[in-house]
Amino acid sequence: MYRPLSEEKVFKDPVHNYIHVQDEVIWSLINTPEFQRLRRIRQLGTSYLTFHGAEHSRFSHSLGVYEITRRIISQFERGGYADWPSGERMVALCAALLHDLGHGPFSHSVEEAFQMHHEDWTCKILLGDTEVGEVLRTVEPDFPDKVAAVIRKDYDNPIVVNLVTSPLDADRMDYLLRDAYFTGVNYGTIDMDRILRMLRPYHGRVVVKESGMHAVEDYLMSRYQMYWQVYFHPVTRSSDIILRQILRRAKELYRDGYAFSFLPHPLPCLFQGEIGVRDYLLLDEALMQTAFMQWKNEPDALLSDLCGRFLDRKLYKYVELESGELEMVEQIRQAFEQAGLHPEYDLEIDFPTDLPYDVFRPDEAAAGKQILLLDRQERLREISEVSDIVRSISGLQLGKYHLYYPDNKLHAVRDQLPPTIARIFEQAR
């Protein structure tokens, strides 16, 4: 069972002012090695190379998600809502705190490079022979399974899942506010206090009181702006591409039997695709960047060049491609290869996509994929049916095709490229 702390603990936080820890279980989880590792994982991956203030960690974000969830639950309990059973409080708080436990170094870039999903690793850590698992089992023997079920979105109380994973959840609210603060932009400044006051547990869902619609509209617009101005910034995409190429090249070399001058454990396990929980927890950004620093001096020219670009911020340039130019991509690859470039590494096309709010689908509303408004007659309506603003951004995918390439290499062979292809790169950014 869980007990309250004899004295409340607080973290001073730049976003939420204070984060309050009142339960012994939560305090014990925060002090596990698995959770402390999140201090060594940046929240925004390689975005620090674009926004120099974006050095905040998954640790601070996870505390923020916990705090928002704690505040929502406190409001539910004060309101005495019949749809919120008080026995779900601890599983919701633990899931909120631990939801990102499985993130690897540089987060989503490493996931893409090795076809991994951080949610899967989170569940493995919760259910494995770890200190986090040990703490959770002090609540009750099957408590790790309950928390993992929330992470997997198949927990038997969908309200708990909604708090951690939904279009209007504690995770999204914290990262919009926190990422805006640390990148120095104004897009993510949502009225979270207003949103939290308007949330209600209702018939197995977390819904929004209709009078809170405008605050939710502002939240969705903030999300829209943050994705296109911060998360999908083309310079950040360039650094992501180079990072993925480093990992791809290192994995290729390892599988070809290349003799690395520096290859710390557990990178061989990662390259083999046979890494276990204990070794996975050794992966952090300090280890990866140490490897990159050593690989910068490797005899393999491609790996050395990529690591130097990443560490010294010599990123790829990019050009926007018009729809008609997409047909020339294969010609560009062939021209690069004929000019002595490596089209698999010296050319990449990127098309970021995001749905700031998906179109309304009645069959998905019950599954927690839409935002429902509760009016005075206790009728539920999907927000895009009511809000012109939300309808205007529903289903939008405004990504543009960008072609990324190493400018210095291209410049050296520019005279060897056909004029029609060389002209594409004249508007490089």
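Residues numbered from 1 in each chain as written. Predicted model: local features only at pLDDT ≥ 70, side-chain atom pairs only at ≥ 80, totals over all residues. Heavy atoms only, no water.

> Looking at this model, I keep getting lost on the domain arrangement of the protein. Mind explaining?
With domains assigned, the protein is organised as domain 1 (4-193) and domain 2 (233-313). Each of domain 1 and domain 2 was reduced to a C-alpha centroid, and the two centroids are 28 Å apart. Contact with domain 1, which involves 28 residues of that partner, is made by 25 residues of domain 2. Taken together, both faces of the contact between domain 1 and domain 2 bury some 2,500 Å²; the carbon and sulfur share is 64%. Ranking the residues of domain 1 by area buried against domain 2 places L49, F114 and W121 at the top, with a combined share of 25%. (Domains from an automatic or database assignment. Contact = heavy atoms within 4.5 Å. Buried area = accessible area lost by both parts, 1.4 Å probe.)

> I'm lost on the state of the cysteines in this one. Help?
Put plainly, two cysteines are in a disulfide when a covalent bond ties their sulfur atoms together. In total, this model carries zero disulfides according to the counting rule given. Of the cysteine sulfurs around C94, a residue in no disulfide, the closest is that of C123, at 14 Å. Given a relative accessible area of 0%, C94 falls into the buried group. The closest cysteine sulfur to the non-disulfide-bonded C269 is located on C307, 20 Å from its own sulfur. In this structure C269 comes out as buried when scored by relative accessible area, which is 16%. (Disulfide = S-S within 2.5 Å. Buried < 20%, exposed > 50% of the residue type's maximum accessible area, 1.4 Å probe, protein only.)

> Help me understand the packing of helix α13 (residues 234-255) against helix α17 (residues 301-312), please; the structure alone is not making it clear to me.
In a pair of packed helices, the angle between the axes and the distance between the axes together describe the arrangement. Running from amino to carboxyl end, α13 crosses α17 at an angle of 150 degrees, the nearest separation of the two axes being 9 Å. As the angle between them shows, α13 and α17 are arranged roughly antiparallel. Of the two elements, α13 crosses α17, and the hand of that crossing is left-handed. Residue-level contacts link S239, I242, L243, Q245, I246, R249, A250 and L253 of α13 to L302, L303, L306, C307, R309 and F310 of α17. (Axes fitted to C-alpha atoms, helices over the stretch in contact; angles between N-to-C directions. Helix = DSSP H or I, 4+ residues; strand = E, 2+ residues; numbered from the N terminus. Parallel < 35°, antiparallel > 145°, perpendicular 65-115°, else oblique. Left-handed = near helix turned anticlockwise from the far one by under 90°.)

> Would you mind going over the sheet that holds strand β4 (residues 205-209) with me for this structure?
Two pairing modes exist for strands in a sheet, parallel and antiparallel, and in both the strands are linked by backbone hydrogen bonds. Overall, mixed pairing links the four strands, which are arranged β3-β4-β7-β8 in an open sheet. Looking along the sheet, the strands with just one partner apiece sit at the ends: β3 (199-202) and β8 (380-382). The average undirected angle you get between the axes of adjacent strands in this sheet is 45 degrees. (Pairing = 2+ DSSP bridges.)

> Any chance you could explain empty space enclosed by the protein here in plain terms?
By rolling a water-sized probe across the atoms, one finds the places where empty space is left. According to the stated counting rule, one finds one cavity of 30 Å³ or more in the structure shown. The computed volume of the largest cavity comes to approximately 70 Å³. What lines the largest cavity is N162, S166, P167, L168, L199, R205, V206, V208, Q370, I371 and L372. Looking at which element gives the most residues to the lining of the largest cavity, the answer is β4, with three residues. (1 Å grid on protein atoms, 1.4 Å probe; cavity = no way out; pocket = protein on both sides within 12 Å on 5 of 7 lines; lining within 4 Å. Points joined across faces, edges and corners; volume = space filled by probe spheres on them.)

> Explain the pattern of salt bridges here, please?
Any two side chains of opposite charge can pair if their charged atoms end up close together. A full pass over the atoms with the stated rule returns 28 salt bridges. In this structure, R248 and E344 form a salt bridge, with 3.3 Å as the shortest nitrogen-oxygen distance. With R248 in helix α13 and E344 in helix α19 (residues 343-346), this pair connects stretches of sequence that are 96 residues apart. The class of R248 is partly exposed, set by a relative accessible area of 28%. Note on E344: relative accessible area 43%, which makes it partly exposed. Here the salt bridges do not stand alone but share partners, grouping R248, R249, E252, D300 and E344 into one network. (Salt bridge = Lys/Arg side-chain N within 4 Å of Asp/Glu carboxyl O.)

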